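Fold and geometry: a report
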Amino acid sequence: MKILVAEDDENIRNGLYEIFDNEGYDVVTAINGAEALKQYKAEKPDMLCLDVMMPEASGFDVCREIRKSDANIPIIFLTAKGQEIDKVMGLEIGADDYIVKPFGVHEVIARVRAITRRALQNKSVPASSDESFIVEKLEIDPSELKARRDGQEIDLSLREVKILKLFHDYKGKVVDRDTLLDHCWGEHVMPESRTVDQHIAALRKKIEADPKNPEIIKTVHNAGYRYE
Amino acid sequence: MKYHLIFILLFIVVVPVWTISLIWNTMVENENDAVRYRFGLVLEERLEKISEQSLGILNETAEELKKIDKQGRDDLVNDVLFFDSSGQFSQTRAAPNNIRPESALFAQQLFKDRLQKRDAKTDEAPRMGSIINGNVSLITESDYGWAQKMGSPDLDLWFWHFLDDDEIKIIDVKTEYLIEKISALPLPVDINPYDGVVLADGKERLVHLWGAQKPVENNATPRASVSMPFPMNTMQLYYFTDNFPTINLKFRILILSVACSLCIMGGYFFWEHMRSLDATMQKVSFVNQVSHELKTPLTNIRMYVDLLKSSLSDDVASTKKLEIIDHEAIRLSRLINNVLTFSNQKNLQPNPAPCDVDVAVNRILESFLPQLESQGFKIETDYKVGTYIVDQEMLAQIAINLISNAQKYASSGKYLGIQTFIEDEKLHLKISDKGPGIAEKLQENIFKPFVRGDDKATEGVSGTGLGLYLVKDLTERQHGELILNSDKNGTTFEVIL
């Protein structure tokens, strides 16, 4: 799933890149409104995250322009204004949600996941697989970005769903880091070697009863991971 | 925006100008009418003087006519007739065959009137005249009088005079004699010699003209008219003048100055409006600018702290330090939001929409949880509202400030209770603590801006002193109510929306 992030502040833009990338999105960035429109046409993203106050063309302008040809693509505004009128305006011109600066990572993730879920359920974004699958005691629903265990819901990112799907498909086999990177990050991405381990650690925290002694995703020393 | 301004400008200019021109026209018309009327009266008075003088000439002539015997006077008299009481003609200058029959009837009528008058003992209504075949005479109380042939535009005058109870003298008067005498009257001194006074006969033909005005040539309309006295009352006096007054300059200046001042006032108010609009715009854009400028670095701090936390998730000591940075950044954003709300207060309008109050309040509580838990707070929640129509942003800011207050000032109680419920169809949000309470004398002032609790209680506690003021303000903006209950066992704020 591809997301276009348009934000003029370099640090915020890079931060958002990292957040969305961690979540498992393909991220395209733009430094102003005009470039955002250019990137929108060239990259055909599935979702947009637009800063409101940008040079060249504001986020509202970009939104209006895009809504002329596409009424469904999810659009999230980042706004520093925080005044009621701006939010209402953002939603009225066809935004799906807004995030008020200053925001924390968790808020951004929560909002983007909610929008992604909606898009997946509306089928406005093609999902890799819709069918839910079971890993140990976890029932994973890719279109909900959720896992359920004993009636308890666990929020998952796109990437975490992909990782679990991979372990599910490779049940009993060792999955090395390269395979994980190929399947869950994409071949063109060259993340740091620690990235995979960090993700697995974070995932274990969510799904394992005791993350220190994992039951679902086990480490195979010097090889990779395995789900049995 | 521009159309809006043009509309206001049009409104400010067109409406007063239209109103003023309407008032102006009505006033000018009325005033002109009044002036015309008053001036007409003045002119009539002047004409009355000529009329009065004519009456004098008539009386003089009557005296002359009384003295006339059967010989008559050629310059004054066409004919003289004598009748007895039976209407029998007795004497005339003219040949008896030429006597007009109506003169005999007239004589008879005059005798009859005279007798009736004498016999009447009652106060019957006085008869103003008697008419015989179109001749009219004054009542016959005196021995003599004038009669005029009615219905004829030409002046046709008779004079009658009872010589005794059995003889009457009737004279056919030469009207030229009278008109000549009247024409010889001088123009009254108060009539401008450049004006024109016209004596016209019953056919509106000019009989005599006083003054320099040439009404016939100028095709002018008379400004006043007066009838000549009886028996010449078919004739009219007309007054012609070019110096007809219109409303005076003072009056015009008064109305113009009122109009001007109205326009200036309109302009002034418009200018003031524009200026205040401009100031508001500047203020709003300043607030937006500042908020943008402050929030961008804060966003970066918060975001990168979060990112760093996830990379350093194993390093407990670093994570703890990062959490402090995060909390302080969150607190700073709250403070900025309060200051911005305060400075942008005038433009705040509630924007109620259905929202899940319990979820919204809990989300705010969650943002405080890490700190509250680290301070050892016991937290009790009781949510019973669900969806309610309310301004979510304002509700959020109210809840943030109340929870933040409990955390700051009631940390000794280590308790925070949040309740939401509906009572009498109103939303109640109760936030209570078990802190030291607010001193009674402070309770009144605590909602004023920049007022904080007494020094001992607030020592070492940071804040701008805007929180409770904004809570009250935001509550009142939504026509809500804020109730404070505080004693030494704790404090409860109840917001009713």
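Please refer to the structure placed before this passage.
Just so you know, these numbers come straight off a predicted model, no measurement behind them.

1. So, the overall build of chain B
When helices and strands are counted, chain B shows 11 helices and 18 strands. Counting the 497 residues in chain B, one finds 41% classified as buried. A separation of at least 24 residues holds for 64% of the contacts in chain B among residues at least 6 apart in sequence. As displayed, chain B has an accessible area near 27,800 Å², and 56% of this comes from carbon and sulfur atoms.

2. Regarding the nonpolar core
Across soluble globular proteins, you tend to see nonpolar side chains buried next to one another. Core analysis: the biggest nonpolar cluster contains 50 residues, and Leu16(A), Phe20(A), Tyr25(A), Ile140(A), Phe167(A) and Leu180(A) have the highest contact counts within it. When residues of this core are assigned to domains, at least three fall in each of domain 1 (2-122) and domain 2 (133-227) of chain A. Excluding anything up to four places from it in sequence, Ile140(A) contacts Ser132(A), Phe133(A), Val135(A), Lys146(A), Ala147(A), Leu156(A), Val161(A) and Leu164(A). Listed in part, the 37 residues of the second largest apolar core include Phe377(B), Met394(B), Ala396(B) and Leu427(B).

3. Re the packing of helix 6 (residues 316-343) of chain B against helix 8 (residues 392-409) of chain B
Residue and element names in this part refer to chain B. Here helix 6 crosses helix 8 at 125°, and the two axes come no closer than 12 Å. With respect to their mutual orientation, helix 6 and helix 8 come out oblique. Regarding helix 6 and helix 8, the two cross each other, and that crossing is left-handed. Judged by residue contacts, Arg-334, Asn-337, Asn-338 and Thr-341 of helix 6 engage Gln-397, Ile-400 and Asn-401 from helix 8. For the contact of helix 6 with helix 8, a count of residues per class yields 1 nonpolar, 5 polar and 1 charged.

4. A word on the sheet that holds strand 18 (residues 490-496) of chain B
Within a sheet, each strand pairs with its neighbour through backbone hydrogen bonds, oriented either parallel or antiparallel. All names here are of chain B. Pairing is mixed in the open sheet, where 5 strands are placed in the order 13-15-16-18-17. In this open sheet, the two strands that pair with only one neighbour each are strand 13 (378-383) and strand 17 (481-487). Geometrically, the sheet is characterised by an average inter-axis angle of 10° between neighbouring strands, direction not taken into account. Examined bridge by bridge, strand 15 (residues 415-423) and strand 16 (residues 426-433) share 8 bridges and lie antiparallel to one another. By the bridge assignment for strand 16, Ile-422 is matched with Leu-427. Helix-sheet contacts for helix 7 (residues 357-374) involve strand 13, strand 15 and strand 16, and the interaxial angle to strand 13 is about 175°. Packing of helix 8 onto the sheet brings it into contact with strand 15, strand 16 and strand 18, and relative to strand 16 it is tilted by some 20°.

5. Things to note about unusual backbone geometry
All names here are of chain A. Going from Lys-101 to Pro-102, the amide bond is cis rather than trans, its omega being 0°. Among the structural elements, Pro-102 can be located in the loop between strand 5 (97-100) and helix 5 (105-122). Non-glycine residue Glu-56 carries a positive phi angle of around 75°. Position of Glu-56 relative to the elements: it lies in the loop between strand 3 (47-51) and helix 3 (59-69).

6. Describing a nonpolar patch on the surface
Taken together, the side chains of Tyr3(B), Ile6(B), Leu9(B), Leu10(B), Val13(B), Val14(B), Val17(B), Trp18(B) and Leu22(B) present a nonpolar region at the surface, about 940 Å² in accessible area. By the element assignment, Leu9(B) lies in helix 1 (residues 2-67).

7. Things to note about the sheet that holds strand 12 (residues 224-227) of chain A
Residues and elements named next belong to chain A. As summarised here, the arrangement of the 3 strands in space is 10-12-11, forming an open sheet in which the pairing is antiparallel. This sheet does not close on itself; its edge strands, each paired only once, are strand 10 (174-175) and strand 11 (217-220). As judged from the 4 bridges shared by strand 11 and strand 12, these two strands associate in the antiparallel manner. Residue pairing across strands places Thr-219 opposite Tyr-225, the latter belonging to strand 12. Relative to the sheet, helix 6 (residues 158-169) contacts strand 10, strand 11 and strand 12, its axis offset from that of strand 12 by approximately 70°.

8. Comments concerning the side chain of Asn32(A)
All names here are of chain A. Position of Asn-32 relative to the elements: it lies in the loop between strand 2 (26-30) and helix 2 (33-43). Looking at Asn-32, its side chain comes within polar contact range of the main-chain nitrogen of Ala-34, at 3.1 Å. Those residues in contact with Asn-32 that lie beyond four places of it in its chain are Met-54, Pro-55 and Glu-56.

9. Quick notes on the environment of Val100(A)
With respect to the helices and strands, Val100(A) occurs in strand 5. Judged by its relative accessible area of 23%, Val100(A) falls in the partly exposed class.

10. A short note on the packing of helix 7 of chain B against helix 8 of chain B
Residues and elements named next belong to chain B. For the pair helix 7 and helix 8, interaxial distance at closest approach is 10 Å and the crossing angle is 30°. Taken as axis vectors, helix 7 and helix 8 run roughly parallel relative to one another. Between helix 7 and helix 8 lies a crossing of right-handed hand. Residues Val-357, Ala-360, Val-361, Arg-363, Ile-364, Leu-365, Phe-368, Gln-371 and Leu-372 of helix 7 form the contact with helix 8, whose own contacting residues are Gln-392, Leu-395, Ala-396, Ala-399, Ile-400, Ile-403, Ser-404 and Gln-407. Class assignment of the residues belonging to the contact of helix 7 with helix 8 gives a composition of 12 nonpolar, 4 polar and 1 charged.

11. Structural notes on the pairing of strand 1 (residues 2-6) of chain A
All names here are of chain A. Counting buried residues in strand 1 gives 4 out of 5 residues, a clear majority hidden from the surface. Of the pairings in the sheet, the one linking strand 1 to strand 2 comprises 5 bridges and is parallel in character. Following the sheet pairing, Ala-6 is matched in strand 2 by Ala-30. Handedness of the β-α-β unit built from strand 1, helix 1 (residues 10-23) and strand 2 comes out right-handed. Two elements, strand 1 and strand 3, share 4 bridges in a ladder whose sense is parallel. Pairing of Val-5 across the sheet is with Cys-49, part of strand 3.

Conventions used here
- The numbers attached to residues start from 1 for each chain and follow its sequence in the written order.
- Going through the entries in the order they are written, you letter the chains from A and number the ligands from 1.
- Reporting in this predicted model follows two pLDDT cut-offs: at least 70 for local features of residues, and 80 or more for side-chain atom pairs to be given and counted; totals over whole chains, interfaces and linings ignore these cut-offs and use all residues.
- No hydrogens and no water enter the side-chain calculation; it runs on all heavy atoms of the structure.
- Working definition: helices are DSSP H or I runs of at least four residues, strands are E runs of at least two. Numbering for both runs from the N terminus.
- Three labels apply to residues, based on accessible area from a 1.4 Å probe with only protein chains included: buried if under 20% of the type maximum, exposed if over 50%, partly exposed otherwise in between.
- Contact between two residues is taken to exist if any of their heavy atoms lie within 4.5 Å; hydrogens are not considered.
- Working definition of accessibility: Shrake-Rupley area with a 1.4 Å probe, residue cover restricted to the visible protein chains.
- To define a nonpolar core, start from buried Ala, Val, Leu, Ile, Met, Phe, Trp, Tyr and Cys residues and group those joined through side-chain atoms within 4.5 Å.
- Each domain's limits were defined by an automated method or a database of domain assignments.
- Note on geometry: axes are C-alpha line fits, over the in-contact stretch for helices, and angles between N-to-C directions span 0 to 180 degrees.
- Angular relationships are summarised with four words: roughly parallel below 35 degrees, roughly antiparallel beyond 145, roughly perpendicular across 65 to 115, and oblique for the angles in between.
- Crossings are sorted by hand: turned counterclockwise from the far helix by less than a right angle, the near helix makes the crossing left-handed, and turned clockwise it makes it right-handed.
- Think of it as three bins: nonpolar holds Ala, Val, Leu, Ile, Met, Phe, Trp, Tyr, Cys and Pro, charged holds Asp, Glu, Lys and Arg, and polar takes everything else, Gly as well.
- Should DSSP find at least two bridges between two strands, the strands are taken to pair.
- Each patch groups residues whose relative accessible area exceeds 30% and which form no salt bridge, using 9 Å between like charges and 5 Å between nonpolar side chains of Val, Leu, Ile, Met, Phe, Trp and Tyr.
- In the sections that follow, a salt bridge refers to a side-chain nitrogen of Lys or Arg positioned within 4 Å of a carboxyl oxygen of Asp or Glu.
- Side-chain atoms alone can form a polar contact between residues adjacent in sequence; in general such a contact is a pair of N or O atoms within 3.5 Å, and within protein one must be able to donate a hydrogen while the other accepts it.
- The handedness of a crossover follows from its direction of travel: if, with the strands pointing away from the viewer, the path from the first strand over the helix to the second runs clockwise, the crossover is right-handed.

Functional significance is not addressed by these values, which are geometric in nature.
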